[in-house]
Amino acid sequence: MARLSRREFLQWTTGGLAAAALSDWIFFKKALEAQSEEGPKLFYHACHICDCTCGMIYQVKNGRIVEMRGNPADKLGAAGKLCVKGYSTPRLYHDPCRLSHPLRRTNPRKGRDEDPAWKIITWDEAFALVGEQFRRVYDRHGPDAILLFARARPWDSHLQYAIGTPNQLCHVDTCYINHEIAGKAVSGDRIWGWDFSHAKYIVGFGYDQVGKSKNIHQREFMEARRNGAKIVIFDPRLSETAQKADLWIPIRPGTDLAALLAMIHVILNEGLYDKDFVEKYTVGLDKLKPHVAKYTPQWAQKICDVPAQTLVQIAREFGSTKPATLAYHKRDAGGPVFMNSFQTAHAMVILQALVGSLDRPGGLYFSRTPKVPSIKDVYKLSYPDIEGKPRFDDPENITPLAFKAKKAGFSTAADAILNDSKPRVALFHSYNTTSFSNPQRFEQALKKLNFIVNVDMYLTELGMYADVILPENLWIENSGFTVRSYQAERPQVLLDEGAPKLRDTKSYGEIVNGILAAMKLYDYAVDPKKLTGAQLAAMGLDKDKLRQAGGVFDSGEPFKPTEQFKTPSGKVELYSTVLEKAGHAPMPEWVEPASKPTPEYPYYIVTHHLPWMRMLKNANDPILKDLQCENKAHIHPSVATKLGVKDKDFVWLESPVGRIKLKVAVTEGIRPDTIMTEHGFGIWAKGRCQGFGWGQNEGEILPDRTLAEMKQWKRHAAGRGVGICDTTVRITKA
Amino acid sequence: MRHDGAHHQGLRPLDKEKAAVLAPVLSWAKTAARYPKTADHMEALLEHSEPLVHWLPQSLPLFQDLLAGWIEAPEATLEAHQVDYTRLFVARWGGVPAPLYASWYLDQETFCGDGAEASVGFYERWGLVWRETTLKEPPDHLAVELEFLEILSRAVSEAPADGAQERLSPSALWLDFRLSHFDRWVPRCAEIMGRHAAQPVYKILALSLTQLCEED
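For clarity, every value in this text was computed on a predicted model and none was experimentally measured.

### Thoughts on the overall build of chain A
Helix and strand counts for chain A stand at 24 helices and 27 strands. In terms of overall size, chain A behaves like a compact globule, its C-alpha atoms giving a radius of gyration of 27 Å where 734 residues would be expected to give roughly 27 Å. Reported as C-alpha extents along the three principal axes, the dimensions of chain A are approximately 100 × 60 × 50 Å. Within chain A, residue pairs in contact and separated by at least 24 positions form 75% of the contacts whose partners lie at least 6 positions apart.

Here it is, written out as structure tokens:
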């Protein structure tokens, strides 16, 4: 471009332009008013860093959170204390790397090495852009061309139903889906409470919620420890939970199912089951007993590398000590860690029922939650019918229960998109590529999507593939209420009083309704602010009442054990008619995991979630990052000797999916045939300034699944679980 | 932390003459430190560039480039500045090099940290209530602090020569704000901005901030 002379420049700037004024005072009131010091204000909120939803109390002074603590009125959750993640909330609130404005991509090329060249746009522009793109696809290719990667939370579901797409994809098939599907199929409900503090005997299979610092689990577990309960943990590695157990059994990865079947065999064979409970509240014992006859401890010993006598002893103690309970939750052996994990989860519910501690004190129980009117009820909406509409990733309806629960989709997402012929657009709500195993393949799939909207608090790896980014409030900036679902032995409601909003962000309710209005789906674009009041009123509550009660409404109702289970028979179904009808195995049966060590890949791989990390939400916290700034390859000393490596040397871990380079940590606390590494590292997007560049994403060596594989696993993988550790690896010195 | 004006390290008090020169410069810089949302914003930066060019002659070639680009392709020039602003200060693949908040530089890279509280304290000393309107940014954002300096400089330059003494001298407050706060983070921000800026407006802004902090 030609440069103007000084004279020409001044001529232009003093007369050549339309009169454009510099701004008047923008940021200050013109009146010289003295402002009185704003004193601290006290607020209540439920923590949403994880699903424990612990009650918290915090103070705000001059727009800053100056103090935070656990709410003692939340007796079922926080009980006055928060976990390390909850206490990190003020740092998240003040994190400079949080997204502050809607962004639009100006570089159409996508990839890890492509700068999206973002520019700020207004919310109106953002909604218009998303509305135009989504509406065009909606009109030309139908509502099902819109993919929603989101949980099944109220506003997520409102968006899905209003659009009328069956294609909602959720991450829980990489997390705990098997427990939910097995629990609902066998006992009619989700098992979401853990009364360890009253248990006398606790057995876990890969259970490490203590190591994950789940507030409720930690408290219950340590109470059980103090009360003298005997605790047995099966785990290939000496987890934090196993370190606090009476007995650590380093079981072979992927074989927990065999140990569980053997325990069921012993308890039935020796008549140790709770006869009163089984006779009164279960059906199917006549079918179960012969079914497990072949699963002897001697049979199991060969598979799971645990002495038969040990299995017999634990089964006898478990069957004869009251109350006895299993400990299970997310990402344990029954979570979708292996392809046979659904059978493992199924066996867990059966065993829990056999010892009579299903929804009973000292055992595991269902949530008691108040009835809350839905968005549909409050706004009197009528959604398009999507029942029975085929999903793009399950056209043959292989796993109907998983999708009915609205908890699946990640395990086969990449395969479904890459083998799809329809043009599609997608919205991702608080999901990242690091939530996927084999993210390399998923990133290829992302490039195939025509338009991507990313709703998040941070510029993440997924954001690097997005066309528009919509910044969401941090949860503590949202107002409303939270119904306790974890550990809800009685109905409880927590008040959510939002902190002052620091950025140009919006609540997800505002975002959803902005998109719906921009899509011209006006019947569904509602005012989200009306929801809270209407829902609270339906429960006989309001914000003032909650505030006066210390931020928590606690019904105080005594725990009433379930008499009538929500199954077709009204009883716990040891032979599940629900699973049978859906085409899955009606009783748990042994099936090998998908992968076994080979000469090329001779080691099992297992993973661990650090106590200060929750789905990378805290990845940008400088203090938490300093607790452990990178993940390592934890190996047995015999492996270290074989490789000629010592602590902190680098090694390559390689699987059929990919390879990562990690430092070594040598430990006796792991099987010699197994390698462990931690999740929550390997940030490359650099949108999070603190977490960038530390460690490696272990997902890059873990497998996703194809639609064809899922079909093969129809009988045994009712939860559509990804089997995230169901692969094997080799290790070499780097 | 407050500094006694008598013990400052070389920073001169603000006199009427200097204040008169700086007020329009600060006004320009304040506008440049905001996101260039519209064509009007860019035109305002061009139209009011003369005081800055006189004060900082080395900015002229950059303004000449800016105007040439603007005449040739205003939309492309606007979008290039929008993208550059976003990648420099807001969101960028590769990390944001020069966030525009004091807290980032003074409080271990936090947002709305002690730096923001310090800013609000200074504003209150001049009887100003900081208000969040269109910027949707915290009180220690560069644009806000530049406006505060502009207000002080206008108070100095427009004060009657023999008028009654203000309860608080704007010149003293200017000195305190600069020494205790502004000059502790802006030079670093300007240096990084200057290194990474691709578009003329942000190169000029970096130059002018550096000049402001160095000329004393």
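### Overview of the overall build of chain B
Each helix and strand in chain B was counted, giving 10 helices and zero strands. When the helices and strands of chain B are read in sequence order from the N terminus, they spell out α-α-α-α-α-α-α-α-α-α. Classification of the 216 residues of chain B by burial places 60% in the buried group. Restricting the contact set of chain B to residue pairs at least 6 apart, pairs at least 24 apart contribute 71%.

### Remarks on the packing of helix 4 (residues 154-163) of chain A against helix 18 (residues 508-518) of chain A
All names here are of chain A. Two elements in contact, helix 4 and helix 18, have axes whose closest approach is 9 Å; the angle formed by their N-to-C orientations is 10°. In this view, helix 4 runs roughly parallel relative to helix 18, as classed from their interaxial angle. Across the interface between the two elements, W155, D156, H158, L159, A162 and I163 of helix 4 pack against Y508, G509, V512, N513, I515 and L516 of helix 18. Looking at the contact of helix 4 with helix 18 residue by residue, the classes come out as eight nonpolar, three polar and one charged.

### As for the packing of helix 8 (residues 142-157) of chain B against helix 9 (residues 170-196) of chain B
All names here are of chain B. Between helix 8 and helix 9, the least distance of the axes is 11 Å, while the angle of their chain directions is 145°. The handedness of the crossing between helix 8 and helix 9 is left-handed. Listed contacts from helix 9 to L142, E145, L146, F148, L149, L152, S153, A155 and V156 of helix 8 are P170, S171, L173, W174, F177, R178, H181, F182, W185, V186 and M193. Class assignment of the residues belonging to the contact of helix 8 with helix 9 gives a composition of 15 nonpolar, three polar and two charged.

### Brief notes about the environment of A:G498
Inspection of the secondary structure puts A:G498 in the loop between strand 19 (492-496) and helix 18. A:G498 gets classed as buried once you look at its relative accessible area, which sits at 18%.

### Quick notes on the side chain of B:T77
Residue and element names in this part refer to chain B. By the secondary structure assignment, T77 is in helix 5 (residues 74-90). In terms of polar contacts, T77 uses its side chain to reach the backbone carbonyl oxygen of A73, at 2.8 Å. What T77 contacts, discounting residues up to four positions off in sequence, is M42, L66, G69 and W70.

### Observations concerning the pairing of strand 16 (residues 451-456) of chain A
All names here are of chain A. Most of strand 16 is tucked away, with six of its six residues classed as buried. Of the two faces of strand 16, the one holding F451, V453 and V455 and the one holding I452, N454 and D456 are both buried throughout. Here strand 15 (residues 425-429) runs beside strand 16; their pairing, made up of five bridges, is parallel. Its bridge partner lying in strand 16, V425 is registered against F451. Crossover handedness for the path strand 15 to helix 17 (residues 439-448) to strand 16: right-handed. Where strand 16 meets strand 17 (residues 468-471), four bridges bridge the pair, whose relative direction is parallel.

### Description of the sheet that holds strand 16 of chain A
Strand order in the open sheet formed by seven strands is 5-4-17-16-15-6-7 (chain A), and the pairing between neighbours is mixed. Of all the strands in the sheet, just strand 5 (118-120) and strand 7 (168-169) of chain A have a single pairing partner and so form its edges. Running at roughly 170° to strand 6 (residues 146-149) of chain A, helix 4 of chain A makes contact with strand 6, strand 7 and strand 15 of chain A of the sheet. Across the face of the sheet, helix 5 of chain B comes into contact with strand 4 (103-105) and strand 5 of chain A while running at roughly 95° to strand 5 of chain A.

### Comments concerning the layout of surface pockets
Residue and element names in this part refer to chain A. Its boundaries defined by the atoms lining it, the second largest pocket holds a volume of some 890 Å³. Lining the second largest pocket are 30 residues; nearest its centre among them are E387, P400, F403, K404 and A405. Elements with a contribution of two residues or more to the lining of the second largest pocket: helix 4, helix 5 (177-187), helix 15 (400-404) and helix 21 (577-581). Per-element accounting of the lining of the second largest pocket gives the leading share, four residues, to helix 15. When grouped by side-chain class, the residues that make up the lining of the second largest pocket number 14 nonpolar, six polar and 10 charged.

### Focus on the nonpolar core
If you look at the biggest cluster of nonpolar residues, it comprises 217 residues, and the most contacted ones within it are A:F149, A:F234 and B:L142. In terms of residue count, the dominant contributor to this core is helix 8 (residues 256-269) of chain A (11 residues). Both of domain 1 (177-368 + 568-581) and domain 2 (603-733) of chain A provide at least three residues apiece to this core. If near-sequence neighbours (up to four positions away) are discounted, B:L142 is found in contact with B:A33, B:L100, B:F182, B:W185, B:V186, B:M193, B:L205 and B:L209.

### Some words on the environment of A:Q309
As for its position among the elements, A:Q309 is in helix 12 (residues 308-320). It is 45 Å that separates the C-alpha atoms of A:Q309 and A:N432, two residues lying 123 residues apart in sequence.

### Observations concerning the environment of A:R503
Residue and element names in this part refer to chain A. With respect to the element layout, R503 can be found in the loop between strand 19 and helix 18. The exposure class of R503 is buried, given its relative accessible area of 2%. Linking R503 and K406, residues 97 residues apart in sequence, is a C-alpha distance of 32 Å.

### Structural notes on the domain arrangement of chain A
Residue and element names in this part refer to chain A. Assigned domains within chain A: domain 1 (177-368 + 568-581) and domain 2 (603-733). Each of domain 1 and domain 2 has a C-alpha centre, and these two points are 26 Å apart. Facing the 28 residues of domain 1 at the interface are 29 residues of domain 2. Summing both sides of the interface, domain 1 and domain 2 together bury roughly 2,300 Å²; the carbon and sulfur share of this comes to 60%. Scanning the region where domain 1 abuts domain 2 turns up one salt bridge. Taken together, the connections running from domain 1 to domain 2 amount to 14 residue pairs in polar contact (both at pLDDT 80 or more). Looking at the side of domain 1 that touches domain 2, the elements that each hand over two or more residues are helix 5 and helix 13 (341-354).

### A few points about the state of the cysteines
In total, this model carries zero disulfides over all chains according to the counting rule given. No disulfide involves A:C50; its nearest neighbouring cysteine sulfur is the one of A:C52, lying 3.8 Å away. Look at A:C50 and you get buried, because its relative accessible area is 9%. As a non-bridged cysteine, B:C213 has B:C189 as the owner of its nearest cysteine sulfur, 9.8 Å distant. Residue classification places B:C213 among the buried positions, given a relative accessible area of 15%.

### Thoughts on the packing of aromatic side chains
For the structure shown, the criterion picks out 38 aromatic pairs over all chains. Summarising the aromatic geometry, the rings of A:Y295 and A:W299 are spaced 4.8 Å apart at their centres and angled 45° between planes, so their arrangement reads as tilted. Judged by relative accessible area, which is 21%, A:W299 ranks as partly exposed. Summarising the aromatic geometry, the rings of A:F366 and A:F565 are spaced 6.1 Å apart at their centres and angled 85° between planes, so their arrangement reads as edge-to-face. Within this pair, whereas A:F366 is found in strand 14 (residues 364-366), its partner A:F565 is found in the loop between strand 20 (552-554) and strand 21 (572-573), the two being separated by 199 residues in sequence. The exposure class assigned to A:F366 is buried, which follows from its relative accessible area of 4%. Judged by relative accessible area, A:F565 falls into the buried class, the value being 3%. Taken together, the aromatic side chains of B:Y105, B:F122, B:Y123, B:F148, B:F177, B:F182 and B:W185 make up a single cluster linked through ring pairs. Taking the ring centre of A:W192 as reference, the NZ or CZ of A:R190 above it sits at 3.8 Å. Above the ring of A:F650, the side-chain terminus of A:K661 is found at 5.2 Å from the ring centroid.

Conventions we followed
- Residues numbered from 1 in each chain as written.
- Chains lettered and ligands numbered in written order.
- Predicted model: local features only at pLDDT ≥ 70, side-chain atom pairs only at ≥ 80, totals over all residues.
- Heavy atoms only, no water.
- Helix = DSSP H or I, 4+ residues; strand = E, 2+ residues; numbered from the N terminus.
- Rg over C-alpha atoms; globule rule 2.2 N^0.38 Å.
- Contact = heavy atoms within 4.5 Å.
- Buried < 20%, exposed > 50% of the residue type's maximum accessible area, 1.4 Å probe, protein only.
- Axes fitted to C-alpha atoms, helices over the stretch in contact; angles between N-to-C directions.
- Parallel < 35°, antiparallel > 145°, perpendicular 65-115°, else oblique.
- Nonpolar A, V, L, I, M, F, W, Y, C, P; charged D, E, K, R; others polar.
- Left-handed = near helix turned anticlockwise from the far one by under 90°.
- Polar contact = N/O pair within 3.5 Å; in protein donor to acceptor, adjacent residues only side chain to side chain.
- Pairing = 2+ DSSP bridges.
- Right-handed = clockwise from strand over helix to strand, strands pointing away.
- 1 Å grid on protein atoms, 1.4 Å probe; cavity = no way out; pocket = protein on both sides within 12 Å on 5 of 7 lines; lining within 4 Å.
- Points joined across faces, edges and corners; volume = space filled by probe spheres on them.
- Core = buried A, V, L, I, M, F, W, Y, C linked by side-chain atoms within 4.5 Å.
- Domains from an automatic or database assignment.
- Buried area = accessible area lost by both parts, 1.4 Å probe.
- Salt bridge = Lys/Arg side-chain N within 4 Å of Asp/Glu carboxyl O.
- Disulfide = S-S within 2.5 Å.
- Phe/Tyr/Trp six-rings, centres within 6.5 Å; stacked < 30°, edge-to-face > 60°.
- Lys NZ or Arg CZ within 6 Å of the ring centre and 35° of its normal.

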